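# Coordinates in review
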Amino acid sequence: MGSYVARHPSPSNSYGGKLYEAQGHSPQRLVPSSQTPPPGGRHRTPSRNLNPQHPTHAPSQGINYLSYLQPASTPPYAYFCERIVRVNDQQASIFIQQKLKAVDAAERFKIVDAIVEKGLDLMTNRFGNWAVQRCLEDPCTAEERVKVVNVMRGHVVELATSPYGTHVVQKALDGDERCKLLIVNELLMDDPGETLINKHASHVWSKIMELQWEGNVPPIFEYVNHALRGKWAQLACHETGSLVAQHVFENLSEELKRPCVDEVLDNLVLCSKNQWGSWVVQHIVEHGSPEAKARAISILTREILTLATDQQGVKSLDKALKQSDPMVLDGFVRKMAESRVTGKRAIIVDMALTLPGSQFITQVLNMVGKEHRAMLSDALRSHVVTLKGSRTGAKVIWMFEKARSYNS
């Protein structure tokens with residue numbers, strides 16, 4: 001997307017590598033640990049509450065997960081799923097993930113059934129969500145994946161806004177059309193404006209924007225645009241919504257993203273002066289269509305004093321200068337040399353009296369030629385006393401004097 005992405009921390013959507021490594025653990029964790037009683041000691045039995053439906057599956061001693069990895073073993077999968085939910089048993093989650101990769105179709109059917117039985121609880125569990133994600137990958141079949149995704153029916157919004165459930169929803173979007181449509185439909189039935197700014201659900205929306213559809217593309221963003229009419233600028237000024245707006249700009253067609261772009265440009269000053277909205281404006285300035293760029297530059301030029309004297313607003317002006325368009329630079333210089341009101345001092349004087357404004361003047365001065373420098377110097381000349389009474393103004397005067405002596 002650009003440099004702005006580095007300034008927007010967001011949860012990783014990558015599940016590459018082995019799952020036990022993704023969770024920060026190694027296979028050695030599967031050997032019997034502190035759960036195995038010391039020699040001669042009493043046998044520890046699991047709490048009766050752990051498995052009310054399968055009490056006969058509760059082993060009388062500590063769980064030897066390594067022995068259950070043997071092909072001839074008959075692991076109590078339902079019991080392990082319950083342990084994940086009730087006591088956050090991380091080893092049980094890792095064990096199930098490894099078995100899913102190694103067993104035959106009949107055994108995998110048993111594991112998937114056990115996971116589906118505790119589906120929602122596992123999806124929103126710190127360790128359980130990894131086991132569910134493994135069901136949504138090879139070697140699980142398309143039908144097995146649909147069986148898992150069907151558990152989400154009626155709960156997609158709840159899962160998408162969960163810190164762990166959101167990863168399961170994102171993983172499900174890698175499935176077939178049935179899985180994608182179930183998720184998209186439920187998100188659209190809810191208020192998109194709420195889920196788009198949720199720090200967890202926003203990553204689901206970002207992935208939806210990147211989806212490739214086999215047949216006709218569902219009219220997802222016609223609904224989103226309708227729901228967010230008049231709210232796009234507000235969304236752009238939200239910490240999470242800012243990233244969503246930039247995803248819209250990068251992944252949607254000009255026709256679909258036009259309502260968002262137009263509303264941001266209609267509120268460009270407001271967005272530019274916002275900590276998060278400024279990134280959206282900068283994205284338009286750098287990557288927008290020629291029409292959107294031209295309109296953005298026109299507004300930036302017109303509002304140069306308001307933006308150059310604001311700590312956030314000046315960033316959009318800086319981004320415009322970095323495009324190295326001589327027409328943009330010429331427009332900025334001529335506007336800075338104008339009087340704010342007829343008969344009053346030039347705009348550059350008011351800019352020089354503020355810290356962000358003086359820094360912007362420095363940047364402009366390093367880019368202009370003799371003609372533009374003379375134009376700005378003339379605008380400052382009759383206000384030297386006023387400027388020298390200010391620390392930032394005095395620095396601006398010093399820079400112009402230094403530039404004049406260097407060129408003479």
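Residues numbered from 1 in each chain as written. Predicted model: local features only at pLDDT ≥ 70, side-chain atom pairs only at ≥ 80, totals over all residues. Heavy atoms only, no water.

This part covers the overall build of the protein chain. From N to C terminus, the protein chain includes 28 helices and zero strands. Within the protein chain, buried positions represent 50% of all 408 residues. Taking the contacts inside the protein chain whose residues are at least 6 apart along the sequence as the reference set, 69% of them involve residues at least 24 apart. Here the protein chain displays about 20100 Å² of accessible surface, and carbon together with sulfur accounts for 51% of that area. (Helix = DSSP H or I, 4+ residues; strand = E, 2+ residues; numbered from the N terminus. Buried < 20%, exposed > 50% of the residue type's maximum accessible area, 1.4 Å probe, protein only. Contact = heavy atoms within 4.5 Å. Areas by Shrake-Rupley, 256 points an atom, 1.4 Å probe, with all protein chains shown as cover.)

A separate point is the UniProt feature "repeat: Pumilio" (unreviewed entry) in the protein chain. The feature "repeat: Pumilio" (unreviewed entry), as given by UniProt, occupies residues 150-190 and 263-298 in the numbering adopted here. For the annotated span residues 263-298, helix accounts for 81% and strand for 0% of the residues, and the straight-line distance between the end C-alpha atoms is 16 Å. (UniProt positions renumbered as here; feature names shortened; annotations may be inferred.)

Here we come to the nonpolar core. Residues Ile 96, Ile 115, Ile 348 and Phe 360 are the most contacted members of the largest nonpolar core, which totals 112 residues. Take this core: its biggest share by element is six residues, from helix 11 (residues 177-189). For Ile 115, the contacting residues outside a window of four places in its chain are Cys 81, Ile 96, Leu 100, Leu 122, Ala 131, Val 132 and Cys 135. (Core = buried A, V, L, I, M, F, W, Y, C linked by side-chain atoms within 4.5 Å.)

In this section: the side chain of Ser 390. Along the chain, Ser 390 falls in the loop between helix 27 (384-388) and helix 28 (391-407). What makes Ser 390 buried here is its relative accessible area of 17%. In terms of polar contacts, Ser 390 uses its side chain to reach the side chain of Thr 392, at 3.2 Å. Within the structure, the side chain of Ser 390 is placed 3.3 Å from the backbone nitrogen of Gly 393, a separation counted as a polar contact. (Polar contact = N/O pair within 3.5 Å; in protein donor to acceptor, adjacent residues only side chain to side chain.)

Here we come to the environment of Ser 316. By the secondary structure assignment, Ser 316 is in helix 22 (residues 313-321). Distance in space between the C-alpha atoms of Ser 316 and Val 280 is 9.4 Å, their sequence separation being 36 residues. Look past the residues within four positions of Ser 316 in its chain and what remains in contact with it is Ser 272, Ser 278, Val 281, Gln 282 and Leu 300. At 3.4 Å, the side chain of Ser 316 and the side chain of Ser 272 are in polar contact.

Turning to helix 3 (residues 77-87), a few remarks are in order. Summarising burial for helix 3: eight of the 11 residues are buried, a large majority. Among the residues of helix 3, Tyr 77, Ala 78, Tyr 79, Phe 80, Cys 81, Glu 82, Arg 83 and Ile 84 are the ones counted as buried. Against helix 2 (65-68), helix 4 (90-102), helix 5 (105-117), helix 6 (119-123) and helix 7 (128-135) lie the buried residues of helix 3. Once helix 3 ends, the next one or two residues include Asn 88, with phi positive near 50 degrees.

Overall, the predicted model of the protein chain reaches an average pLDDT of 82, with 82% of residues at or above 70. Ranking the elements of the protein chain by mean pLDDT puts helix 1 (residues 19-22) last, at 38, and helix 18 (residues 268-272) first, at 96. Across residues 1-61, confidence stays below pLDDT 50; counting only partners more than four residues off in sequence or on other chains, it has 95 contacts. (pLDDT = per-residue confidence, 0-100.)

So, on to the pattern of salt bridges. All told, the structure shown has 21 salt bridges when counted by the stated rule. Between Asp 174 and Lys 207 there is a salt bridge, and its shortest N-O distance comes to 2.9 Å. Of this pair, Asp 174 sits in the loop between helix 10 (165-172) and helix 11 while Lys 207 is found in helix 13 (residues 201-209), placing the two residues 33 residues apart along the sequence. A salt bridge links Arg 295 to Asp 266; its shortest N-O distance comes to 2.3 Å. Of this pair, Arg 295 sits in helix 20 (residues 290-302) while Asp 266 sits in helix 17 (residues 254-266), placing them 29 residues apart in sequence. Among the residues examined, Asp 266 registers a relative accessible area of 53% and is labelled exposed. (Salt bridge = Lys/Arg side-chain N within 4 Å of Asp/Glu carboxyl O.)

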